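Here are the chains, one letter per residue:
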Amino acid sequence: MKKFVIIVSAFIFAFTVFFAASCKTQADNKTDIGNQPDPKDKIVYEVDAPEMVSLSYWVFTSGVPENAITVKSDNENTVFICLPENGEVFNKADKKYCEQIEMLSGETTYWRYNSIFEFEYEFVKIIVKEDGKNIGCAVIEVTENNKRYSANVLKSVLFVDENGDTATVSEEKLNEFINEVKNNVGFTAGYDEQ
């Protein structure tokens, strides 16, 4: 009987050790779903796109379409929405200045300030969209000195994911990005994809 108790005890001990080790291995291989990133919350990075926006003929104007902003993309379906904060852009179709304009690759619009008062600086935002989603932007700063305008593209970027594929950002994140550029804070990678 003593031998039987030792064998049963040894069997129970071995079974307990084996079961405990098996549970630990399963627990080690199990991933806590709660700590997984949401697949829609991908990290988005910026890629400089200096050829996307070009500026020409920036001078003081009196009714002549000058101060040209030209946009360019490899994708013919890309839409550029040009939004000056205090100025206007020329709509060739209507032959008049307006507060914003949608353009396609290769098109040019002309900026003018819409106030009789002098200004220190003006920003023109260009939102880049494909299929109605924000995939990039540009920020142009316009300054005036002694009735002469000058413009500088502060930032011109497209958004990509970690694989380099086109990524989208929400309106909120896009506005945060643009405000950071305008405030000369700069962009730090890490916005969540929409």
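What counts, and where the lines are drawn
Residues numbered from 1 in each chain as written. Predicted model: local features only at pLDDT ≥ 70, side-chain atom pairs only at ≥ 80, totals over all residues. Heavy atoms only, no water. Helix = DSSP H or I, 4+ residues; strand = E, 2+ residues; numbered from the N terminus. Expected span 1.5 Å × (residues − 1). Buried < 20%, exposed > 50% of the residue type's maximum accessible area, 1.4 Å probe, protein only. Arc of directions from axis to C-beta. Pairing = 2+ DSSP bridges. Axes fitted to C-alpha atoms, helices over the stretch in contact; angles between N-to-C directions. Phe/Tyr/Trp six-rings, centres within 6.5 Å; stacked < 30°, edge-to-face > 60°. Salt bridge = Lys/Arg side-chain N within 4 Å of Asp/Glu carboxyl O. pLDDT = per-residue confidence, 0-100. Contact = heavy atoms within 4.5 Å. 1 Å grid on protein atoms, 1.4 Å probe; cavity = no way out; pocket = protein on both sides within 12 Å on 5 of 7 lines; lining within 4 Å. Points joined across faces, edges and corners; volume = space filled by probe spheres on them. Nonpolar A, V, L, I, M, F, W, Y, C, P; charged D, E, K, R; others polar. Disulfide = S-S within 2.5 Å.

A word on helix α2 (residues 171-182)
Thought 1: With 12 residues, α2 extends 16 Å between its outermost C-alpha atoms, agreeing within 8% with the 16 Å of an ideal straight helix rising 1.5 Å per residue.
Thought 2: Inspection of α2 places L174, F177, I178, V181 and K182 among the buried residues, and these make up the whole buried set. Projected onto a plane normal to the axis of α2, the buried residues spread over an arc of 135 degrees and lie on a single side.
Thought 3: Where α2 terminates, the next one or two residues include N184, which has phi positive at roughly 60 degrees.

Here's the deal with the pairing of strand β8 (residues 108-113)
Each regular strand shows side chains that alternate between the opposite faces of the sheet.
Thought 1: In terms of burial, β8 is largely enclosed, as five of its six residues are buried.
Thought 2: Taken together, the three bridges between strand β5 (residues 87-91) and β8 define a ladder with antiparallel strand orientation. Opposite E88, over in β8, you have R112 as the bridge partner.

Describing the sheet that holds strand β3 (residues 68-71)
Thought 1: Spatially, five strands are ordered β2-β3-β8-β5-β6 in an open sheet, and the strand pairing comes out antiparallel. Because the sheet does not close on itself, it has two edges, and the strands there are β2 (53-56) and β6 (96-98). The sheet shows a mean angle of 35 degrees between the axes of neighbouring strands, taken without regard to direction.
Thought 2: Two elements, β5 and β6, share three bridges in a ladder whose sense is antiparallel. If you follow N91 over to β6, its bridge partner there is K96.

Notes on the packing of aromatic side chains
Two measures describe an aromatic ring pair: the distance that separates the ring centres and the angle between the ring planes.
Thought 1: What the rule picks out here adds up to four aromatic pairs.
Thought 2: Ring geometry for W111 against Y113: centres 6.4 Å apart, planes inclined by 45 degrees, an arrangement best described as tilted. In this structure, W111 and Y113 share a single accessibility class: buried.
Thought 3: An angle of 85 degrees between the planes, with centres 5.5 Å apart, marks the rings of F159 and F177 as edge-to-face. Placement of F159 in strand β11 (residues 148-160) and of F177 in helix α2 is noted, with a sequence separation of 18 residues between them.
Thought 4: By relative accessible area, which is 2% here, F159 ends up buried.
Thought 5: One aromatic cluster is present, formed by W111, Y113 and Y149 through successive ring pairs.

A few points about the pattern of salt bridges
Thought 1: For the structure shown, the criterion picks out five salt bridges.
Thought 2: Close ionic contact of E171 with K129 constitutes a salt bridge, the shortest N to O distance being 3.2 Å. Residue E171 is located in helix α2, and its partner K129 is located in strand β9 (residues 121-130); the two are separated by 42 residues in the primary sequence.
Thought 3: Taking the relative accessible area as the measure of exposure, K129 reaches 16% and is therefore buried.

Brief notes about the confidence of the model for the protein chain
Low pLDDT means the predicted atomic positions in that stretch should not be read closely.
Thought 1: Confidence in the prediction of the protein chain, expressed as mean pLDDT, is 77, and 69% of residues score 70 or more.
Thought 2: When the criterion is pLDDT under 50, residues 14-39 qualifies, and its contacts beyond four places in sequence or with other chains add up to one contact.

Some thoughts on the layout of surface pockets
Thought 1: By volume, the largest pocket is sized at about 320 Å³.
Thought 2: Every element with two or more residues in the lining of the largest pocket is listed here: β9 and β11.
Thought 3: Here the lining of the largest pocket takes three residues from β11, the largest share from any one element.
Thought 4: Along the lines of polarity and charge, the residues of the lining of the largest pocket split into nine nonpolar, four polar and four charged.

Quick look at the state of the cysteines
Thought 1: According to the stated counting rule, one finds zero disulfides in the structure shown.
Thought 2: Free of any disulfide, C82 has its nearest neighbouring cysteine sulfur in C98, separated by 9.0 Å.
Thought 3: Residue classification places C98 among the buried positions, given a relative accessible area of 19%.

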